[in-house]
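Residue-level structure breakdown
Read off the chains here:
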Amino acid sequence: MADFGEILRNIGEFGLFQKVTLVALCFTNITQAFVLASFLFIETNPDRHCNTDWILGLDPNLTTDEQLNLTLPREADGTFSRCQMFVPVDWDIDAIREFGLNKTMSCQNGWVYKSTLYKATIVTDFNLVCDKANLVEIIQAVYMVGVLTGCLIFGPLAESFGRKRATQVPVIIMFTFVLTTGFCPNVYLYFVSMFCVGIGSGGYRVNCIVLSTEWIGVSKRSLGVCMTRLFASIGQCALAGVIYLIRDWRLAQIVTAVPLAVILIYIWFIPESARWLLNRGRTEEAKQLIMKAAAINKRTVPDSLLDNIAVKETVNNGSIKIIFRSHLKRYFFILSLSWFSVNVLFFCLYFNMANLGLNVFLTQFIFGAVEIPAHILCIWLSEVFGRKPLFILTLLTAGLSSILILAVPQGCGIAVTSLAAVSRFFLIWAGSVCVVLVQELFPTTVRQTATALSLISARTGGIVAPLLNITAMYHWIIPILVSSSLTFISGGLGFMLPETRRRELPDSIDEAEGNR
């Protein structure tokens, strides 16, 4: 009986068919970075003061300086308060000048924002300042909850309805709500829209990785996995340039929807996973796709090979119970914790990008640029040294680089940004190795479920990160100290993982356990 690895060796492990499919799936990941723009490129504490135009009703000829002096209290440093105003009174203007106002209250009629880095942000449009300032971190967490929900929904669904369908539906969701977000009139609808965008984003990422991997042979598998993440890094670099030119968050949302509209057209022509079709007993459909792939790769498939395709009897056993009833549960726990740790540290640094000390556009470009060599090195070195050594090395180095930030004096923006970039480099590398390991350790029957559940752990880390950043109000070292410690623990647990380099993807639990 011919297994799928033998079929791929005959039709081409990484021919034109696989390359076109991979690029088509990866292109969507460029836009993934763009959906973060609205809550990432903001000024968290813009220069502002309360709107006190009520006093102009008493004397419309007041100058701006007179208006502020009469209606705003001053802070200890002599500047006007950003969150307080004097309580409006019905006195005449001469009485206000003579006696002054003393009773204060929070801003009641909005704020007047002075010159800012951006034309419009969610902070200025929705007044997310003063007592609402922490809503920015909550929005970040809500988006990550959406991503987690997308993994939870579309990961297991792909085992029942196929990788292709579970890839197409998230694209529809992303396009719809990325466009909707740009027209949200208030922060509450913005919350809902970003949650839905997160659902689409999470659902797509988990499925595009598996769909592309299952068509690629053993010799190029790490290339396929890392390419899905490499395109996301290219999107990070492009994001810096786009936001530098477009400094209005609503316009940025509309611009992001344009490439998604293009993807929405061609996503219907993406091929289904032949591995999944065979695993579900749909042999004829799988044979047609295999012959199509062979024709595009300019290969011929022997009739004897097609006649002897091994049809697995484990059609409906893609349950999570299989993982926890086997020795695979140990690997699942280690990889889930590692992905959680990587994302906690990654997003703690990323969501705090504006406070690292350098120009925010330059920092965004640096963060995106360092990811590209990380993915390229992962493609090369994972085949040279194996998955396990790189898994351990990258996690431990990322933790060390981030914790060294604590030793840098506050105000040294270049040093802090450099260490954050180095840590991000190894975190991206570690994330790529984690993705490869999940694909290679778990069988086809539960690969999608294992990937989805591991990504749920990763997205949980993304949810925790902005909430962990809030603890910086108690002491600025807490987020870095906690997140770095988690990566050290994960790196140490990597010694318990097996090596999977140059091994065929397992199609059953027995084959997966045989990899020990």
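Read on for an overview of the structure. All of these numbers come straight from a predicted model, not from anything done at the bench. (Residues numbered from 1 in each chain as written. Predicted model: local features only at pLDDT ≥ 70, side-chain atom pairs only at ≥ 80, totals over all residues. Heavy atoms only, no water.)

Concerning the overall build of the protein
Secondary structure summary: the protein contains 22 helices and four strands in total. Based on the C-alpha atoms only, the size of the protein along its principal axes is roughly 100 × 45 × 35 Å. Relative to its full complement of 516 residues, the protein shows a buried share of 58%. For the protein, contacts bridging at least 24 residues in sequence account for 81% of all contacts bridging at least 6. Carbon and sulfur atoms make up 62% of the accessible area of the protein, which totals about 20800 Å². Of the charged side chains in the protein, 40 are positive and 36 negative; the average position of the first set lies 10 Å away from that of the second. (Helix = DSSP H or I, 4+ residues; strand = E, 2+ residues; numbered from the N terminus. Buried < 20%, exposed > 50% of the residue type's maximum accessible area, 1.4 Å probe, protein only. Contact = heavy atoms within 4.5 Å. Areas by Shrake-Rupley, 256 points an atom, 1.4 Å probe, with all protein chains shown as cover. Lys, Arg positive; Asp, Glu negative; His and termini not counted. Charge placed at Lys NZ, Arg CZ, Asp CG, Glu CD.)

A short note on the state of the cysteines
Across all of its chains, the model carries two disulfides by this definition. For Cys50, the disulfide goes to Cys107, at an S-S distance of 1.6 Å. With the S-S bond torsion at -55°, the cross-link from Cys50 to Cys107 turns out left-handed. Of the two residues, Cys50 sits in strand 1 (residues 48–50) while Cys107 sits in the loop between strand 3 (104–106) and strand 4 (111–113), which places them 57 residues apart along the sequence. On the basis of relative accessible area, Cys50 is assigned to the buried category, the value being 0%. Here Cys83 engages in a disulfide with Cys130; their sulfurs sit 1.9 Å apart. Here the disulfide of Cys83 and Cys130 is left-handed, its torsion about the S-S bond being about -95°. (Disulfide = S-S within 2.5 Å.)

Describing the pattern of salt bridges
By the definition in use, this model includes eight salt bridges. Among the salt bridges present, the one from Glu284 reaches Lys287, with a minimum N-O distance of 4.0 Å. Of this pair, Glu284 and Lys287 both sit in helix 13 (residues 283–296), three residues apart, which is roughly one turn of that helix. For Lys287, a relative accessible area of 16% corresponds to the buried category. A network of salt bridges, in which partner residues are shared, links Asp59, Asp94 and Arg97. (Salt bridge = Lys/Arg side-chain N within 4 Å of Asp/Glu carboxyl O.)

Observations regarding a nonpolar patch on the surface
Side chains of Leu152, Ile153, Leu157 and Phe161 sit close together on the surface and give an oily, nonpolar patch of about 370 Å² of accessible area. With respect to the element layout, Leu157 can be found in helix 7 (residues 135–161). (Patch = residues over 30% accessible without salt bridge, like charges linked within 9 Å, V, L, I, M, F, W, Y side chains within 5 Å.)

Let's talk about the nonpolar core
Judged by nonpolar contacts, the single largest core of 157 residues is most densely connected at Trp215, Phe391 and Phe442. With 17 residues, helix 19 (residues 413–441) is the single largest residue contributor to this core. (Core = buried A, V, L, I, M, F, W, Y, C linked by side-chain atoms within 4.5 Å.)

A word on the packing of aromatic side chains
Scanning all chains against the criterion turns up nine aromatic pairs. Ring centres 5.8 Å apart and planes at 50° place the aromatic pair Phe126 and Tyr190 in the tilted group. In this pair, Phe126 is assigned in helix 6 (residues 122–126) and Tyr190 in helix 9 (residues 187–213), connecting sequence segments 64 residues apart. Given a relative accessible area of 9%, Phe126 falls into the buried group. In this structure Tyr190 comes out as buried when scored by relative accessible area, which is 0%. Ring geometry for Tyr190 versus Trp249: centroids 5.5 Å apart, planes at 90°, classification edge-to-face. You can see Tyr190 sitting in helix 9 and its partner Trp249 sitting in helix 11 (residues 249–266), a full 59 residues away along the chain. (Phe/Tyr/Trp six-rings, centres within 6.5 Å; stacked < 30°, edge-to-face > 60°.)

Some remarks on unusual backbone geometry
Positive phi outside glycine occurs at Cys130, with the angle close to 55°. By the element assignment, Cys130 lies in the loop between helix 6 and helix 7. One non-glycine residue, Lys298, lies in positive phi territory at about 60°. Position of Lys298 among the secondary structure elements: in the loop between helix 13 and helix 14 (303–307). For Lys298, a relative accessible area of 77% gives the class exposed.

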